[in-house]
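So you can see what is in the structure, the chains are spelled out below.
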Amino acid sequence: MTQPDINGHFDVFGGQYVIETLMPALKQLDAEYEKAMKSPKFHRQLQRYHSTYIGRPTPLYFAGRLTKAVGGARIYLKREDLTHTGAHKINNTIGQGLLALAMKKKRLIAETGAGQHGVATATAAALMGLKCDVFMGARDMERQALNVFRMRLLGARVIKVESGTQTLKDATSAAIRDWIGSVKDTHYIIGSVVGPHPFPKIVRDFQSVIGHEAKFQVMVKEGRLPDLLVACVGGGSNSMGLFHPFHYDDEVAMVGVEAAGLGISTGHHGAPLAKGKIGTLHGSKSYVMLDKDGQVMETHSISAGLDYPGVGPEHAWYRDTGRAEYVAVTDKEALAAFEKLSRLEGIIPALESAHAIAHAMKAAGKMKKNQVIIVCLSGRGDKDVTTAQRELGYEE
Ligand SMILES: *Cc1c(COP(=O)(O)O)cnc(C)c1O
């Protein structure tokens, strides 16, 4: 019943496509993780950080004005934007930080693109008194100078990666190389439900707090399960965190929203589930954006968090089995939803989350008034206001 199987497969997806020298580290991590999951002490610690540090449970908010404006199903927002550091990524880094402590590791490493996962990892490291090195492409360091400073302020070292395209892909490879040599005292925190087994499983489980809470909260408020779940998909962690606890509830439909960027037909997007091919990237098999020569394509999205050419293997499996449906929303549609939610509810969403809002509005309009949608509001939009200001033309 439970997925993945012991080798990390979700049917043909997932697995461990890594060099032999990494296998002992992955084996050790899986064993330690399973041990931690059976430890009441581990769960007590995690629970304590949830309630006193992250700010959980996050509210399930009924978006009354948005619902009224759309004129269809009742729209609820799962408020991950209200967590410490302002997005769901902290659920994973605190969980894996505790795992590092349980394994008696002294150092955390992470890869980061825009810096959001780097900041969340540096936060966990500061909280737990662990050393922290974050690998970041040279180009990204220039573009995201503020997040580089945040990480340094939190006590992390930011290691500049100057190989390849000097972005997330190369930072990930550099982090993996470091881990091969440092695994004895170092834990590598991957930022989404991607990478070799057991990472997709571990990240999913730590993010599943989103779905478990939402399920309980909607039962209290509506007395029944929702008809539809909607969440944006970059690597796929906030969406899988919401979806997974509803996996066996057949009456609950799920839609993952990828970035259509400038439009799927332009080739400038971040939608491997809509337009990718089966391939391997960063140690696991899934849908990947590959060109006709099999090379990983450059992606585009207005939101940094959705600007990734791969996607978690469990989503590939959900897609092929039909358990979830995947759609794509353009930069323009996401910006319109960003503005709409701000005006109607006083909530400025992350541009990633605005993709989910845009689709939820489309879907709600076609549903009945007594139906219920839960949208994962994965993060707050403070980080995106400069981009939005430029794109929406507010400058006077
Ligand atoms: C990183 C990020 C995402 C995308 O990552 P997933 O693993 O797909 O959840 C979405 N929303 C926000 C706010 C992010 O920071």
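Refer to the structure printed above.
Described in the following lines is the structure provided in the data block. Remember, predicted model here, so these are calculated numbers, not experimental data. Just so you know, the residues in each chain are numbered from 1, in the order the chain's sequence is written. At least 70 in pLDDT is required for a residue's local features to be given in this predicted model, at least 80 for side-chain atom pairs to be given and counted, and no such filter applies to totals for whole chains, interfaces and linings, which use all residues. Side-chain calculation: all heavy atoms of the structure are included, whereas hydrogens and water are not.

**Quick notes on the pairing of strand 4 (residues 74–79)**
Okay, step 1: Counting buried residues in strand 4 gives five out of six residues, a clear majority hidden from the surface.
Okay, step 2: Between any two strands, at least two bridges found by DSSP are needed for them to pair. Runs of E in the DSSP output that reach at least two residues are strands. Runs of H or I that reach at least four are helices, and both are numbered from the N terminus. Note: strand 3 (residues 60–62) against strand 4, three bridges, orientation antiparallel. Paired with F62 across the bridge in strand 4 is Y76. Only protein chains enter the calculation, and the probe is 1.4 Å; a residue is then buried if its accessible area is under 20% of its type maximum, exposed if over 50%, and partly exposed in between.

**Details of helix 9 (residues 199–207)**
Okay, step 1: Within helix 9, eight of the nine residues are buried, leaving the element largely enclosed by the surrounding structure.
Okay, step 2: Turning to helix 9, its buried residues number three or more, namely F199, P200, K201, I202, V203, R204, F206 and Q207.

**Quick word on the environment of L46**
Okay, step 1: Looking at the secondary structure, you find L46 in helix 2 (residues 40–54).
Okay, step 2: Judged by relative accessible area, L46 falls into the buried class, the value being 10%.
Okay, step 3: Taking C-alpha positions, L46 is 30 Å from K285, a pair spaced 239 residues apart along the chain.

**Description of the nonpolar core**
Okay, step 1: Grouping buried Ala, Val, Leu, Ile, Met, Phe, Trp, Tyr and Cys residues that are joined through side-chain atoms within 4.5 Å yields what is termed a nonpolar core. Counting 50 residues, the largest nonpolar core has I94, L99, M151 and W179 as its most contacted members.
Okay, step 2: The contact rule is simple, with two residues in contact once any of their heavy atoms fall within 4.5 Å. Residues within four places of M151 in sequence aside, it is in contact with T112, G115, G118, V119, A122, V134, M136, A156 and V158.

**Side note on the sheet that holds strand 5 (residues 107–112)**
Okay, step 1: Across the sheet, which stays open at both edges, the four strands sit in the order 7-6-5-8 with parallel pairing between neighbours. Every interior strand has two partners, whereas the edge strands, strand 7 (157–161) and strand 8 (186–188), have only one. For this sheet, the mean angle separating the axes of adjacent strands, direction not counted, is 25°.
Okay, step 2: Pairing analysis gives six bridges linking strand 5 to strand 6 (residues 131–137), with the strands arranged parallel. The angle between two axes is taken between their N-to-C directions and runs from 0 to 180 degrees, where each axis is a line fitted to C-alpha atoms and a helix contributes only its stretch in contact.

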